[in-house]
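# Structural features, examined
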Amino acid sequence: MVETFVQSTDDVVRFLKDQHNLIKDMFEEVFSASSDDARRKAFTELRQLLAVHETAEEMVVHPRVRHEVEGGDIIVDARLVEEHDSKEVLSALEAMDIGSQEFLDELSLFRGSVLDHAEREELEEFNRLERELDADDLGRMAKAVLAAEAIAPTRPHAGVESAKANFAVGPFASMLDRARDAISAALR
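No experiment lies behind these values; they were computed from the predicted model shown.

## A look at the environment of Glu-28
For Glu-28, the position within the fold is in helix H1 (residues 12–32). The partly exposed category is assigned to Glu-28, whose relative accessible area is 40%.

The following block contains the structure:
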């Protein structure tokens with residue numbers, strides 16, 4: 001099971017912002033790894049967290065933004081395009097030689113786009129949800145995000161960015177991803 005490593009689960013905004021900070025730190029772990037094996041392990045953990053994090057946002061946060069925030073459809077549609085593009089890049093990174101300069105160069109560009117995406121989510125979605133929803137709603141959403149992350153795929157699946165697609169395809173993809181992760185870990 002993918003660990004989210006975030007303790008604050010009583011407020012969805014705080015929880016997701018903490019995950020954004022963790023993702024930033026995890027990028028640094030990949031870059032500073034002392035060996036290819038250490039880099040592979042750090043990248044695998046980053047990939048897993050990115051996959052479950054984005055799936056949970058697609059299943060829980062984006063639908064709520066569409067409903068609660070003025071102009072929510074436009075905001076969410078822009079984030080979904082970014083998430084689709086990120087999934088494609090993440091898949092390409094998985095196929096690269098982790099010890100190559102090409103991998104590091106592409107990962108550096110990817111980090112920039114992920115951090116920009118996170119900043120836009122925080123400004124355009126999270127802060128606005130915080131203003132529109134009460135503490136009980138934010139707490140319920142945090143629980144829903146945790147539940148979504150527990151069953152989310154651990155690998156990127158470009159084209160599965162909507163809540164409906166995640167509910168339809170997600171559980172099957174998650175089962176396959178987690179089995180693939182377990183087999184990969186056993187072979188190392």
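## Description of a negative patch on the surface
Residues Asp-36, Asp-97, Glu-102, Asp-105 and Glu-106 make up a contiguous surface patch of negative charge. Of all the elements, helix H4 (residues 101–132) adds the most residues to the negative patch, at 3 residues.

## Observations regarding the confidence of the model for the chain
Per-residue confidence for the chain gives a mean pLDDT of 86; residues scoring 70 or more make up 79%. Looking across the chain, the model is least confident in helix H6 (residues 163–187), with a mean pLDDT of 55, and most confident in H4, with 97.

## Observations regarding the pattern of salt bridges
Within this structure, the stated rule accounts for 14 salt bridges. Asp-10 is the salt-bridge partner of Arg-14, the closest N and O atoms lying 3.0 Å from each other. In this structure Arg-14 comes out as partly exposed when scored by relative accessible area, which is 40%. Under the relative-accessibility criterion, Asp-10 is labelled partly exposed at 47%. A salt bridge links Asp-137 to Arg-140, with the shortest nitrogen-to-oxygen separation between them at 2.5 Å. Of this pair, Asp-137 and Arg-140 both sit in helix H5 (residues 135–151), 3 residues apart, which is roughly one turn of that helix. What emerges from the salt-bridge pattern is a single network uniting Arg-64, Glu-68, Asp-137 and Arg-140.

Definitions and limits used
Residues numbered from 1 in each chain as written. Predicted model: local features only at pLDDT ≥ 70, side-chain atom pairs only at ≥ 80, totals over all residues. Heavy atoms only, no water. Helix = DSSP H or I, 4+ residues; strand = E, 2+ residues; numbered from the N terminus. Buried < 20%, exposed > 50% of the residue type's maximum accessible area, 1.4 Å probe, protein only. Patch = residues over 30% accessible without salt bridge, like charges linked within 9 Å, V, L, I, M, F, W, Y side chains within 5 Å. Areas by Shrake-Rupley, 256 points an atom, 1.4 Å probe, with all protein chains shown as cover. Salt bridge = Lys/Arg side-chain N within 4 Å of Asp/Glu carboxyl O. Lys, Arg positive; Asp, Glu negative; His and termini not counted. Charge placed at Lys NZ, Arg CZ, Asp CG, Glu CD. pLDDT = per-residue confidence, 0-100.

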